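Each chain, letter by letter, is given below.
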Amino acid sequence: MIVDKRFLVPLLGFMLLVAVLALGFKLRDPHLLPSQMLNRSLPAFSLPRLGDPSKTWSEKDLYGKVSLLNVWATWCPSCVQEHPQLMRISREEDISVFGINYNDDTAKALAWLQRYGNPFQLNIADHDGQLAIDLGVYGAPETFLVDAKGVIRYRHVGVVDEHVWADIFAPMIAELNRQAGGS
Amino acid sequence: MIIELGHFALILALAMSCCLAVLPGFGVSLGRPALMRTGGSLAAGMFVFTLVSFVCLAQGFIGDDFSVAYVARNSNSALPVYYKISAVWGAHEGSFLLWCLVMSSWTLAVAMFSQQLTDDMRARVLAVLGSVSIGFYLFLIFTSNPFDRTLPFFPSEGADLNPLLQDFGLIVHPPLLYIGYVGLSVPFAFAIASLSSGQLDAAWARWSRPWTNVAWAFLTLGITLGSWWAYYELGWGGWWFWDAVENASFMPWLIATALVHSLAATEKRGVFRSWTVLLAIFAFSFSLLGAFLVRSGVLTSVHAFAVDPERGVFILWYLIIVIGGSLLLYGIRAGQMSVNVGFGWLSRESFILANNLILTVSAITVLLGTIYPLIYEWFSSGQKISVGPPYFNMVFVPLMLPLIALMALSSFSRWRRTATEVLFGRQPIRLLISGLVCLIFCLLTSTWNLWFQVVSLISIWLIVNLLADARYRQGGRGFAGFLKQTPSYYGMWLGHIGIAVSALGIVTTVVMSEELDLLMSPGDKTQIAGYDLRFEGVERVNGPNYSADRGIIAVSRQGRLIEMLYPEKRLYSASQSVMTEADISVSFWRDVYVALGEPIGNQAWSVRVHVKPLVRWIWLGGILIAIGGFTTILDKRYRRLKMARQLQSRAETSVQASLA
């Protein structure tokens, strides 16, 4: 039997795809931060303030208090879903909430904040995704827990809802505050 | 007890699928007709046991059996009973049980409605469907068992169904989508059966066509419904997000659309044989790939199911065996299929070829966009990016415009060869008419957007061509010729009209929507796109498992009240999650969409209003396309009793591939 090799091309293409999927799969558990970032200091950055490019923020502006660093964007439907929880946290919890406006458009982002309310104490305009890449952000929303010294303690991919807050963030924050108080 | 019964029934269904994969196939290789005919009863058994299993799980939900982990996670005793039932497919495990139920239903349907096939072919097709099912059942039982108990300590109350899913859309969207997804396994099974038997003539195209059309029509309905659900339920007026999970359903749709067309060419003219087989394999592969992307957690998404690496590994192996195996078989056998059937440059064959090319490229484009984050991560040693709507809009729209233009021209194309005169003769006047309609539209709405002009011109041109074709069918005067066409023709006609309607809806909504965000206190008025809105205030209401603030907004136009809208902000008590429930004043020409934001200060609320012209057309088009798909199967030629004999004689005259 003669096999025409051209007809094996789809199989080759598929094998390539499987390789990509398998490697992608092996490389990452999407709920975990790549280990090299966990317990490390925030990467250094200098990025404009959202809506006011004349002023810039750096990682030092995030120090001083346990904080949440939330990656959001107007093109991300889950961010809308997550938003009320962030509003509540910034209102009721003793913690700073910072935003990274990721791959977005300034005008849209500002309109979005006006529409849904602004839970962020400061907002970093990361419009070419540089900081997000340094942080290893996969998509939006993602939320980082950063301690008072600017060390990343936890990363959450996806919406921070009531359960995530109560089960994961609240105990970790209590622990961080206890350590800080004890030392 | 009922739960254990369900679990047991599922294991029996697995056993049935194993027998179905093996016994009829043995029958074929031993040449024993009695063994070949076991397929029908085994398929029936597989279906019945899966159905029993499904009903048992549903009973677990209705009876609030929170000792079942899956029920405890996705239900609550306060949930209305219709949501308790739809909660069965509200998360990963149960939705996969539904998937298996749909799979066994298709298998049973094939067993029942394929009497015209030869025993040999029927046995092969059922064996392929059985083999495909084995993997599904193993996956369900070993990695995602919905019947697991949490004994002896179980919660007294369930965690409730995700509020986003407590909605009519969720009751119908997944079943329709799965019928479409899984239905693509039927043309796949026909293709593999043909490849394995070496009977590589055009007959398999005729057998597969009605099945493919039905599966494709269901997939179309499922996607349309999903888009509609996202529009009213996610609360911000968007209707397509290019989300990984949406793409997972869209890619098989694109390939299946190509398949529907190339099957027609293969059946009628015997062309593109090997290509059509490949498309049939691809269409089902893409629906499996979709399942992998959604359920493995390899990509994160709004819709993504719970992440579990073990499941991902299982599905990946399954993909390798099923898709890799079929492509290998294809690689070995397809070479024997080449056949020289000529056709001219301007022929229906050429148009279908162009259609296939564009649709396949589109599907690959969407695939690349969807998995690009993975590739990027690999090449950049762990850095991550995400690909958003900008990429998809940029690459996808330019592919769709020529597709619609070709569709317009193809209305007059004929098999083999079309005279230039027939194809282009009257196009100047039709283009002129379309241009005028488009101009009037622009003048009336004073919209001078280039995208709008281009897309609406092409879409209107498509409609003008389809109307002209209907008018002059068979040289008839008036629409007399049109009334004498076959269901296949009506299906094509409706489907193409549906595309034009959807395209018009999409471009109009995107370009002309107006939106307004504002703070409103009781008594405040505002104006948007000629509508007057009056905010009457907010009242407290209680639902069965939530409490809500309900806004009252009067929408009027030129002093006449059109509708009272009641958008809600709901707090679901079991999960303590807040949901925005928009309210929409619906009409053929426009939607007025109102969503309630946050309370701000003294009785004031932030309110968001969209006016979306022609947004309904997007889904109307989808429904027309699906109706078109369903119409084609009414064609008499699929129901001829003597078909088997005809096919046999045809098979003998056509190019027979020899079994080596």
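If you're wondering where the values come from, they're calculated on a predicted model, not measured in any experiment.

K.L.:
With reference to specific residues and values, describe the overall build of chain A.
P.N.:
Each helix and strand counted, chain A has five helices and seven strands in total. In chain A, the order of α-helices and β-strands from amino to carboxyl end is α-β-β-β-α-β-α-β-α-β-β-α. Looking at chain A alone, contacts between residues at least 24 apart form 72% of all its contacts between residues at least 6 apart.

K.L.:
Before we move on, could you go through the overall build of chain B and cite the residues and values that matter?
P.N.:
Along the backbone of chain B there are 22 helices and ten strands. Projected onto the principal axes, the alpha-carbon positions of chain B cover approximately 85 × 75 × 55 Å. Sorting the 660 residues of chain B into buried and exposed places 51% on the buried side. Expressed as a percentage of contacts within chain B between residues at least 6 apart in sequence, the contacts between residues at least 24 apart total 74%.

K.L.:
Kindly report on the packing of helix α10 (residues 203-233) of chain B against helix α11 (residues 244-269) of chain B, identifying the contributing residues and their values.
P.N.:
Residues and elements named next belong to chain B. At a closest axis distance of 9 Å, the pairing of α10 and α11 adopts a crossing angle of 150 degrees. Comparing the axis directions of α10 and α11 gives the class roughly antiparallel. The crossing of α10 and α11 is left-handed.

K.L.:
Hey, could you go over the confidence of the model for chain B for me, with residue numbers and the actual values?
P.N.:
Residue and element names in this part refer to chain B. Taken as a whole, chain B shows an average pLDDT of 86; of its residues, 91% reach a score of 70 or greater. Across residues 300-306, confidence stays below pLDDT 50; counting only partners more than four residues off in sequence or on other chains, it has 22 contacts. If you check the scores for this complex, the pTM reads 0.80 and the ipTM reads 0.77.

K.L.:
Now, about the domain arrangement of chain B: what can you tell me, with residues and values included?
P.N.:
Residue and element names in this part refer to chain B. One can read the domain layout of chain B as domain 1 (1-161), domain 2 (186-421) and domain 3 (514-615). Between the C-alpha centres of domain 1 and domain 3 there is a distance of 43 Å. Contacts between the two partners involve six residues from domain 1 and, on the opposite side, five residues from domain 3. Across the side of domain 1 that touches domain 3, the residue classes break down as four nonpolar, one polar and one charged.

K.L.:
Mind laying out the confidence of the model for chain A, listing which residues take part and the relevant values?
P.N.:
Averaged over all residues, the pLDDT of chain A equals 81, while 89% of them reach at least 70. When pLDDT is averaged over each element of chain A, strand β3 (residues 67-72) of chain A comes out on top at 91 and helix α4 (residues 130-135) of chain A at the bottom at 78.

K.L.:
I'd like a description of the sheet that holds strand β1 (residues 514-520) of chain B, backed by residues and values.
P.N.:
Residues and elements named next belong to chain B. Taken together, four strands build an open sheet; the order of strands is β1-β10-β9-β8 and the sheet is antiparallel. Because the sheet does not close on itself, it has two edges, and the strands there are β1 and β8 (583-586). Across the sheet, the axes of successive neighbouring strands diverge by a mean angle of 15 degrees, strand direction being ignored.

K.L.:
Outline unusual backbone geometry, supporting the account with residue identities and numerical values.
P.N.:
Residue and element names in this part refer to chain B. The residue phenylalanine 272 is not glycine, and still its phi comes out positive at about 55 degrees. Relative to the elements of secondary structure, phenylalanine 272 occurs in the loop between α11 and α12 (273-296). Among the residues examined, phenylalanine 272 registers 25 C-beta atoms within 10 Å and is labelled buried.

K.L.:
Before we move on, could you go through helix α3 (residues 106-116) of chain A and cite the residues and values that matter?
P.N.:
All of the buried residues along α3(A) are A:Ala109, A:Trp112, A:Leu113, A:Arg115 and A:Tyr116. Along the long axis of α3(A), the arc covered by the buried residues comes to 160 degrees, so they all point the same way. Each element contacted by the buried residues of α3(A) is listed here: α2 (77-92) and β4 (96-102) of chain A together with β1, β9 (590-600) and β10 (604-613) of chain B. Looking one or two residues past α3(A), A:Gly117 carries a phi angle of roughly 95 degrees, positive in sign.

K.L.:
Break down the nonpolar core for me, with residues and values.
P.N.:
Counting 191 residues, the largest nonpolar core has B:Ile255, B:Ala256, B:Ile281 and B:Ala283 as the members making the most contacts within it. The dominant element in this core, judged by the number of residues it contributes, is α10(B), at 17 residues. Among the nonpolar cores identified, the runner-up in size contains 34 residues, and A:Leu42, A:Trp72, A:Ile124 and A:Phe144 belong to it.

K.L.:
With reference to specific residues and values, describe the pairing of β9(B).
P.N.:
Residues and elements named next belong to chain B. Within β9, eight of the eleven residues are buried, which leaves the element mostly enclosed by the surrounding structure. Where β8 lies against β9, four bridges are found, and the strand directions are antiparallel. Paired with aspartate 583 across the strands is valine 594, a residue of β9. Where β8 folds back onto β9 in an antiparallel hairpin, the turn is made up of three residues.

K.L.:
Lay out the pairing of strand β5 (residues 122-126) of chain A in plain terms, naming residues and giving numbers.
P.N.:
Residues and elements named next belong to chain A. Of all five residues that make up β5, four are buried, and the element is covered over most of its length. Where β4 lies against β5, five bridges are found, and the strand directions are parallel. Looking at the pairing, asparagine 101 lines up with alanine 125 of β5. In the classification by handedness, the crossover that spans β4, the intervening α3 and the parallel β5 is right-handed.

K.L.:
Break down the packing of helix α3 (residues 38-62) of chain B against helix α7 (residues 119-143) of chain B for me, with residues and values.
P.N.:
All names here are of chain B. Direction vectors running N to C along α3 and α7 enclose 30 degrees, while the axes themselves pass 10 Å from each other. As summarised for this structure, α3 and α7 are arranged roughly parallel, according to the angle between their axes. You can see that α3 and α7 cross each other, and the crossing is left-handed. Of the residues in α7, those touching α3 at Gly39, Ala43 and Met46 are Arg122, Ala123, Leu126 and Ser133. Looking at the contact of α3 with α7 residue by residue, the classes come out as four nonpolar, two polar and one charged.

K.L.:
Provide a residue-level description of the environment of A:Phe144, including the pertinent values.
P.N.:
Residues and elements named next belong to chain A. Along the chain, phenylalanine 144 turns up in strand β6 (residues 142-146). For phenylalanine 144, a count of 24 C-beta atoms within 10 Å puts it in the buried group. Considering only alpha carbons, one finds phenylalanine 144 and histidine 156, twelve residues apart in sequence, at a separation of 6.3 Å. Excluding anything up to four places from it in sequence, phenylalanine 144 contacts Leu69, Leu135, Ile152 and Arg155.

K.L.:
Can you explain the environment of B:Phe392? Please cite residues and give values.
P.N.:
Residues and elements named next belong to chain B. Mapped onto the fold, phenylalanine 392 is located in helix α15 (residues 389-410). Residues phenylalanine 392 and valine 366 lie 26 residues apart in sequence; the distance between their C-alpha atoms is 7.1 Å. In this structure phenylalanine 392 touches Trp242, Val366 and Gly369, once residues within four positions along its chain are discounted.

Cut-off values and rules
Residues numbered from 1 in each chain as written. Chains lettered and ligands numbered in written order. Predicted model: local features only at pLDDT ≥ 70, side-chain atom pairs only at ≥ 80, totals over all residues. Helix = DSSP H or I, 4+ residues; strand = E, 2+ residues; numbered from the N terminus. Contact = placed C-beta atoms within 7 Å. Buried ≥ 20, exposed ≤ 12 C-beta atoms within 10 Å, placed from the backbone. Axes fitted to C-alpha atoms, helices over the stretch in contact; angles between N-to-C directions. Parallel < 35°, antiparallel > 145°, perpendicular 65-115°, else oblique. Left-handed = near helix turned anticlockwise from the far one by under 90°. pLDDT = per-residue confidence, 0-100. Domains from an automatic or database assignment. Nonpolar A, V, L, I, M, F, W, Y, C, P; charged D, E, K, R; others polar. Pairing = 2+ DSSP bridges. Arc of directions from axis to C-beta. Core = buried A, V, L, I, M, F, W, Y, C linked by C-beta atoms within 7 Å. Right-handed = clockwise from strand over helix to strand, strands pointing away.

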